[in-house]
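Survey of secondary and tertiary structure
If you want the building blocks of each chain, they are given just below.
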Amino acid sequence: MVRNWPLRAHIGGLASAFVAFTVIAACAGSTSGTASAQNGGDEPCTTPGTPAGTNAAVAQTCNYAGMNPTLAPELKAIAFYHAAKALLADGNAVEAAKSIDQSYAQISDEGLVARTPEGEGRSRRKRAEDYTKKKKQYIALAVDRTLVSESALSTIAGQYAANGFGPAGAPCASADDCLSKALDRRRKLSPVITTNANLLAQGQYQSYFNGLAQRYAARYEQTNIPTDAIEALNAYKALAAVDPQAKSTLYAYALKVANDAAAKARDEPENASRAIRYYSEARDAFPTAAAPNIGIGAMNNLLASVAQSSGSAASSPYYREAILSFDKVLDDPAARQRASDLEKAEAWVGRGTAKFALGDQDGGTADYRQASALPASFKVYSTLGEVFWSNATKSGSVRRGDEDRQALQLLQQAHENYQKAHGLAQTADLSAAALSQMYYHFADTRIRLGSYSPDQIVELLNIAIARDPASADALIDRATYGMKTANPDVTRVRADLLAIAGRDTNSSELLGRANAALATTYVTSGTPDWKKALEYSQAAIAKDGSSFQNRMQACVSRLMAGDKVHRGYVYGYRVVDGNRREYAPDTCTNGNTAKDLMLQGMYVMAKTGGTDSRSESDQIRAGQTNLMNQALARPEVTADDRANFGWPPFADGPPAKTKAVLVLIREASLACTTRGPISKPTGLGLRPQDSVEAETVGKV
């Protein structure tokens, strides 16, 4: 049902060209709204000419004639038309609308014209000329019948809009209903106009279809009903069929509604197919124009992405269609010459995205580089940033710290393009949510690269949160990295995190991150509260036990809090009741990755503090050295892994050195229980400064 047409806003008059449905906007030669008797007519009610008599007399006589059961349908339709026209001339829009309804009930416009009486005359030529004359009269009557209908119904619609209710006996239930009926009748006249274009007066064809297109376009602006846009496009296509200059109007309108649908498709993917249809109409009007092909390619990429995210295997055909569309911009000489640098950049980005998705990483990378080399816009730079970020992190599924060398290279390229987009942010055409997401990914890129200060990260997170205050990801990261700045707002940070941690609708991963971030606030602000840190670290594990970061925080918190439940467990167990082994809780051991083995090495040392035997200590020392070497010898461990491992990120020194810290903790633990000296970490590939930094951590 049609709703919210602009007529409602025009109280006291029909100011809008659309809602007025004025007679003069339709077809040349119309006489709608004139008094029939005063025009000197002397024809009966069943012929196209104007009947004689006053408006009241014509209305009464012709309505009676229309109800004559012996008359043919087309003659009844003509009689009711004359009655409606006379009633309208007398200002009675309601009765005029009823009579015109009766006219349409008898026969359609096409049927009416098809019933044109045969020509009269002695010769074939005379009969043909007379038939043509009569057919023109019937066509004119069909056109004028449409205009009488529009005029009567728009008058009633105006009363609905002005008063909030319609006149008594109105044949339509609302302003929307009146206007919809009138517009539908104008649309149904189209075949008559198209088929008989050669019989129309000069400019009548163009006037009719231009008016029809404008009416549907205006209604589409108010209702966003797809069929209205299609009807407007059909009318503009009918214009372009007889007037080549009208192709530019068709192209502009098709591109406008396509861009509107494409913008909605970002949040409502079902609009993507609509956008493709409209872009195709624009492309048909101007095959070498870049914008339609870029739009079709972008929408196919979007549909492919939606298919992938839903687990469907049907994404490849969309990506291939996207490549074909972008090829038409980049590989066709005429199209490429017409395309602007910005359009070519968008095409390179889109094609690169599709190639990457289909496994052609070399081709995709080459296209991205072509785009980066062109003077571009916020849209291109932000898209390139998102593409590089998505490929580096597999759309965020790769945990921070687990990126390989290729991923880090892609992240560096993402950062370069995000930085360029940031410089053009004042021209951003993204929604607030999309802009927030871009800035969050920008901040995530800096976090993963590891070479940016907390202040540089928080700066971007603040922008993301300003655009979307409910962004849990950005709030959590701002809390985590905000605690590393010079003057963290601890109260605000904890309030933000508690709100996220208490929202059961959040994912388990988000809830885990929120609790882990809360744990961090208790060991990086003021005097460390390791028991609070342990409480929230355990809550983080309960929500997301798969996170290595959560498990590491819990282990370190347990160690630093001096959790006595693990004292006296040699080799992970203690003997009770004479011979029964009781094993210590082992919440820190989970998995066989290098980082898990390192974590296990640290945790087991906390459970061996009960021995006073020097020989047993030596055995533990040897065993843990072996465990550490196993971890650090894993093929996936890089130099960076060995150098940057630990929690929390202490503000008074560089990142903790993995092997040095673990070895130092082991030695300190054994020294405490055996009263022996601490053997500083040596060998095992460690540098002297690693031991110094490890001692700094150990003294905290």
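Criteria and thresholds
Residues numbered from 1 in each chain as written. Predicted model: local features only at pLDDT ≥ 70, side-chain atom pairs only at ≥ 80, totals over all residues. Heavy atoms only, no water. Helix = DSSP H or I, 4+ residues; strand = E, 2+ residues; numbered from the N terminus. Buried < 20%, exposed > 50% of the residue type's maximum accessible area, 1.4 Å probe, protein only. Contact = heavy atoms within 4.5 Å. Areas by Shrake-Rupley, 256 points an atom, 1.4 Å probe, with all protein chains shown as cover. Core = buried A, V, L, I, M, F, W, Y, C linked by side-chain atoms within 4.5 Å. Expected span 1.5 Å × (residues − 1). Disulfide = S-S within 2.5 Å. Phe/Tyr/Trp six-rings, centres within 6.5 Å; stacked < 30°, edge-to-face > 60°. Lys NZ or Arg CZ within 6 Å of the ring centre and 35° of its normal. Axes fitted to C-alpha atoms, helices over the stretch in contact; angles between N-to-C directions. Parallel < 35°, antiparallel > 145°, perpendicular 65-115°, else oblique. Left-handed = near helix turned anticlockwise from the far one by under 90°. Nonpolar A, V, L, I, M, F, W, Y, C, P; charged D, E, K, R; others polar. Salt bridge = Lys/Arg side-chain N within 4 Å of Asp/Glu carboxyl O. Polar contact = N/O pair within 3.5 Å; in protein donor to acceptor, adjacent residues only side chain to side chain. pLDDT = per-residue confidence, 0-100.

1. Some thoughts on the overall build of the chain
- Along the chain, the regular secondary structure elements total 31 helices and two strands.
- With 700 residues in all, the chain has 48% of them scored as buried.
- At a minimum sequence separation of 6, the contacts of the chain that also span at least 24 residues come to 62%.
- For the chain, the accessible surface area stands at approximately 32000 Å², while carbon and sulfur atoms represent 50% of it.

2. As for the nonpolar core
- Membership of the largest hydrophobic core comes to 85 residues, with the highest contact counts inside it found for Ile156, Ile193, Phe209, Tyr253, Tyr278, Tyr279 and Met299.
- For this core, the leading source of residues is helix 6 (residues 124-163), giving 12 residues.
- The residues contacting isoleucine 193, other than those within four sequence positions of it, are Val143, Leu200, Tyr205, Tyr208 and Phe209.
- Counting residues in hydrophobic clusters, the runner-up holds 67 residues, among them Leu330, Leu461, Ala479 and Ala514.

3. Points about helix 17 (residues 361-372)
- For helix 17, with 12 residues, the first-to-last C-alpha span of 16 Å sits near the 16 Å given by 1.5 Å per residue.
- Buried within helix 17 we find Gly363, Gly364, Thr365, Asp367, Tyr368 and Ala371.
- As for helix 17, its buried residues are in contact with helix 16 (341-357) and helix 18 (378-393).

4. Here we look at unusual backbone geometry
- In this structure, asparagine 224 takes a positive phi of about 60 degrees despite not being glycine.
- Counting through the fold element by element, asparagine 224 comes out in the loop between helix 9 (204-223) and helix 10 (226-242).

5. Looking at helix 6
- With 40 residues, helix 6 extends 58 Å from end C-alpha to end C-alpha; this agrees with the ideal 58 Å at 1.5 Å per step.
- With its phi angle positive at about 85 degrees, glycine 164 sits one or two positions after the end of helix 6.

6. Looking at the state of the cysteines
- Following the criterion strictly, the structure yields two disulfides and no others.
- Shown here is the disulfide that connects cysteine 45 with cysteine 62, its sulfur atoms set 2.0 Å apart. The sign of the -85 degrees torsion about the S-S bond sets the cysteine 45-cysteine 62 disulfide as left-handed. Taken together, the residues cysteine 45 in the loop between helix 1 (17-20) and helix 2 (55-66) and cysteine 62 in helix 2 connect sequence positions 17 residues apart.

7. Digging into the packing of aromatic side chains
- The final tally for this structure, using the stated rule, is nine aromatic pairs.
- With centroids separated by 4.9 Å and ring planes inclined at 80 degrees, the aromatic side chains of tyrosine 208 and phenylalanine 209 adopt a geometry described as edge-to-face.
- Here tyrosine 208 falls in the buried class, since its relative accessible area comes to 1%.
- Three or more aromatic residues joined by ring pairs form one cluster here, namely Tyr205, Tyr208 and Phe209.
- Here the guanidinium or amino end of arginine 145 rests over the ring plane of tyrosine 104, the centre of that ring lying 4.0 Å away.
- Its end group placed over the ring of tyrosine 522, arginine 494 keeps NZ or CZ at 3.8 Å from the ring centre.

8. Things to note about the packing of helix 17 against helix 18
- Contact geometry for helix 17 and helix 18: axes closest at 11 Å, N-to-C directions at 150 degrees. Comparing their axes, helix 18 and helix 17 come out roughly antiparallel. The two elements helix 17 and helix 18 cross, and the hand of that crossing is left-handed. Where helix 17 approaches helix 18, its residues Tyr368, Ala371 and Ser372 are matched on the opposing element by Leu384, Val387, Phe388 and Asn391.
- Among the residues forming the contact of helix 17 with helix 18, the class breakdown is five nonpolar, two polar and no charged.

9. Looking at the environment of leucine 461
- By the secondary structure assignment, leucine 461 is in helix 21 (residues 454-467).
- With 21 residues separating them along the chain, leucine 461 and glycine 482 place their C-alpha atoms 9.6 Å apart.
- Once residues within four sequence positions are removed from consideration, leucine 461 is found in contact with Tyr440, Ala443, Ala474, Asp477 and Arg478.

10. Details of the pattern of salt bridges
- According to the stated counting rule, one finds 31 salt bridges in the structure shown.
- Between arginine 185 and aspartate 101 there is a salt bridge, and its shortest N-O distance comes to 2.5 Å. Of this pair, arginine 185 sits in helix 7 (residues 175-188) while aspartate 101 sits in helix 4 (residues 93-106), and the two are 84 residues apart along the sequence. Each member of the pair arginine 185 and aspartate 101 is classed as buried.
- Across the salt bridge formed by aspartate 109 and arginine 145, the nearest N and O atoms sit 2.8 Å from each other. Of this pair, aspartate 109 sits in helix 5 (residues 109-114) while arginine 145 sits in helix 6, and the two are 36 residues apart along the sequence.

11. Focus: the environment of serine 154
- Take serine 154: it is sitting in helix 6.
- Of the residues examined, serine 154 reaches a relative accessible area of 2% and is grouped as buried.
- Along the sequence, serine 154 and serine 180 sit 26 residues apart, while their C-alpha atoms lie 9.9 Å from each other.

12. Remarks on the environment of glycine 401
- Assignment of secondary structure puts glycine 401 in the loop between helix 18 and helix 19 (405-423).
- Residue glycine 401 is classed as partly exposed on the basis of its relative accessible area of 39%.
- Placed 47 residues apart in sequence, glycine 401 and arginine 448 show a C-alpha to C-alpha distance of 6.7 Å.

13. Concerning the side chain of threonine 116
- By the secondary structure assignment, threonine 116 is in the loop between helix 5 and helix 6.
- Exposure remark for threonine 116: the relative accessible area of 8% places this residue in the buried category.
- At 2.6 Å, the side chain of threonine 116 forms a polar contact with the backbone oxygen of valine 113.
- Apart from residues no more than four positions distant in its own chain, threonine 116 is found in contact with Tyr131, Lys134, Lys135 and Tyr138.

14. Re the confidence of the model for the chain
- Here the chain averages 77 in pLDDT, while 73% of its residues score no lower than 70.
- Note that pLDDT drops below 50 for residues 641-657; the model gives that stretch 48 contacts with residues more than four away or on any other chain.

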